[in-house]
Amino acid sequence: MPEFLNIGIFASGRGSNFRAILGSIKAGKTKNARITLVISNNSGAGALQTARENSIPALHISRMQFTSDDDYTKALFNALENHEVNFIVLAGYMKKIDPRIVRKFKNRILNIHPALLPKYGGDGMFGRHVHEAVIASHDPVSGATVHIVDEEYDHGSIVLQKKVPVGPADTAESLAEKVLAIEHQLYPEAIRLFAEGKVTFKNGKTEISR
Ligand code: GRF
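The structure displayed is predicted, hence computed values, not measured ones.

Colleague: Describe the overall build of the protein chain, and please don't skip the residues or the numbers.
Modeller: If you tally the helices and strands in the protein chain, you get 6 helices and 9 strands. Over its C-alpha atoms the protein chain spans a radius of gyration of 17 Å, differing by no more than 12% from the 17 Å that the globule rule assigns to 210 residues. Projected onto its principal axes, the C-alpha positions of the protein chain cover 50 × 40 × 35 Å. The burial tally for the protein chain puts 49% of its 210 residues in the buried class. Sequence separation of 24 or more characterises 64% of the internal contacts of the protein chain that already satisfy a separation of 6 or more. For the protein chain, the computed accessible surface area is about 10,500 Å², with 53% contributed by carbon and sulfur atoms. Taking the average place of the 26 positive charges on the side chains of the protein chain and the average place of its 22 negative ones, the gap between the two points comes to 5 Å.

Right, dumping it as structure tokens:
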């Protein structure tokens, strides 16, 4: 049996991906996993609210509460340890993860990006900027990517991708909506694969057995 996933969610905003993941666990579609902690840098995040409504420990931890990067990172490590987190899921988290956390959780931090990486990724490519770039390049296809988090933005190995067609009438808003709907399927699916021990790593790439 693969190791049980104690998931720590990091989210800055509305938290619709977090809700999709939670829904999949509650419905019994993602077994061998639970969410033990939600962390946000934003005290008003919808994700914290959702966590509290579901009796999941919810912490507001922001760099602004600390006088040094070290103290901030220590607080994050303490929170993860106190809640026995062994797997981290970034769900709309707008802050860079400290390299010490990336190293400690090597191949155990996921992110979702609202485009088909490696296209439309990297520093500054977040939120509507991504969809605006896709529309501006008249790309006929976009989608979502779940990938491993390493020390560079949107760079780690790809776990799953799913495409959506981009039509001539699409705007950044309509595309964002279509991609988000895909994200809500793709993220729980990726976590399920990890929870079932179906993701392995070879030569820096993920391999999935289904
Ligand atoms: C999603 O579009 C995701 O791809 C990106 O941030 C957004 C988060 O949305 N990383 P939500 O907070 O999960 O609703």
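Colleague: For the pattern of salt bridges, give the residues involved together with the corresponding values.
Modeller: Considering all chains together, one arrives at 12 salt bridges under this definition. Glu3 is the salt-bridge partner of Arg108, the closest N and O atoms lying 3.2 Å from each other. One end of the pair, Arg108, is in the loop between helix H4 (99-104) and strand E5 (109-113); the other, Glu3, is in the segment before strand E1 (5-10), with 105 residues separating them in the sequence. Each member of the salt-bridge network shares a partner with another, and the members are Glu189, Arg192, Glu196 and Lys198.

Colleague: Outline the site of the ligand, supporting the account with residue identities and numerical values.
Modeller: Residues in contact with the ligand, as listed here, are Arg14, Gly15, Ser16, Asn17, Gly92, Ile112, His113, Pro114 and Glu183. In the model, an oxygen atom of the ligand is placed 2.9 Å from a nitrogen or oxygen of the Gly15 main chain. Contact distances for the ligand include 2.8 Å between an oxygen atom and a side-chain N or O atom of Glu183. Contact with the protein chains hides 84% of the accessible area of the ligand, taken as 370 Å² for the molecule alone. Taken together, the residues of the shell around the ligand break down into 2 nonpolar, 5 polar and 2 charged.

Colleague: Before we move on, can you summarise the sheet that holds E5 with the specific residues and values?
Modeller: The pairing of strands in a sheet comes from backbone hydrogen bonds and takes either a parallel or an antiparallel form. Across the sheet, which stays open at both edges, the 7 strands sit in the order E3-E2-E1-E4-E5-E6-E7 with mixed pairing between neighbours. In the strand order of this sheet, the two ends are held by strand E3 (58-60) and strand E7 (158-165), each with one partner. When the angles between neighbouring strand axes are averaged without regard to direction, this sheet yields 20°. Examined bridge by bridge, strand E6 (residues 141-148) and E7 share 7 bridges and lie antiparallel to one another. Of the residues in E7, the one forming a bridge with Ala144 is Lys162. On top of the sheet, helix H2 (residues 46-53) reaches strand E2 (33-40) and E3; it is set at about 150° to E3, its chief contact. Against the sheet, helix H6 (residues 172-195) touches E1, E2, strand E4 (87-90), E5, E6 and E7, its axis set at about 155° to E7.

Colleague: Which residues make up the pairing of strand E8 (residues 199-202), and what values go with them?
Modeller: By the bridge criterion, 4 bridges tie E8 to strand E9 (residues 205-208) in an arrangement that is antiparallel. The residue bridging Val199 from the neighbouring strand is Ile208, located in E9. In this antiparallel pair of consecutive strands, E8 and E9, the connection spans 2 residues, and Asn203 shows a positive phi of 50°.

Colleague: Go over the side chain of Asn32, please, and point to the residues and values.
Modeller: Within the fold, Asn32 resides in the loop between helix H1 (16-26) and E2. A polar contact is formed between the side chain of Asn32 and the backbone oxygen of Glu3, at a distance of 3.5 Å.

Colleague: Lay out helix H5 (residues 128-136) in plain terms, naming residues and giving numbers.
Modeller: Residues Val130, His131, Ala133 and Val134 constitute the buried set of H5. Looking down the long axis of H5, one finds its buried residues gathered within 155° of arc, a one-sided arrangement. Each element contacted by the buried residues of H5 is listed here: E5, E6 and H6. Looking one or two residues beyond H5, the residue adopting positive phi is His138, at roughly 55°.

Colleague: Could you give an account of H1, with specific residues and numbers?
Modeller: Of all the 11 residues making up H1, 8 are buried; the element is thus mostly covered by neighbouring parts of the structure. On its buried side, H1 packs onto E1, E2, H2, E4, E5 and H6. Downstream of H1 by one or two residues, Gly28 has phi in the positive range, about 80°.

About the thresholds
- Residues numbered from 1 in each chain as written.
- Predicted model: local features only at pLDDT ≥ 70, side-chain atom pairs only at ≥ 80, totals over all residues.
- Heavy atoms only, no water.
- Helix = DSSP H or I, 4+ residues; strand = E, 2+ residues; numbered from the N terminus.
- Rg over C-alpha atoms; globule rule 2.2 N^0.38 Å.
- Buried < 20%, exposed > 50% of the residue type's maximum accessible area, 1.4 Å probe, protein only.
- Contact = heavy atoms within 4.5 Å.
- Areas by Shrake-Rupley, 256 points an atom, 1.4 Å probe, with all protein chains shown as cover.
- Lys, Arg positive; Asp, Glu negative; His and termini not counted.
- Charge placed at Lys NZ, Arg CZ, Asp CG, Glu CD.
- Salt bridge = Lys/Arg side-chain N within 4 Å of Asp/Glu carboxyl O.
- Near = heavy atom within 4 Å.
- Polar contact = N/O pair within 3.5 Å; in protein donor to acceptor, adjacent residues only side chain to side chain.
- Nonpolar A, V, L, I, M, F, W, Y, C, P; charged D, E, K, R; others polar.
- Pairing = 2+ DSSP bridges.
- Axes fitted to C-alpha atoms, helices over the stretch in contact; angles between N-to-C directions.
- Arc of directions from axis to C-beta.

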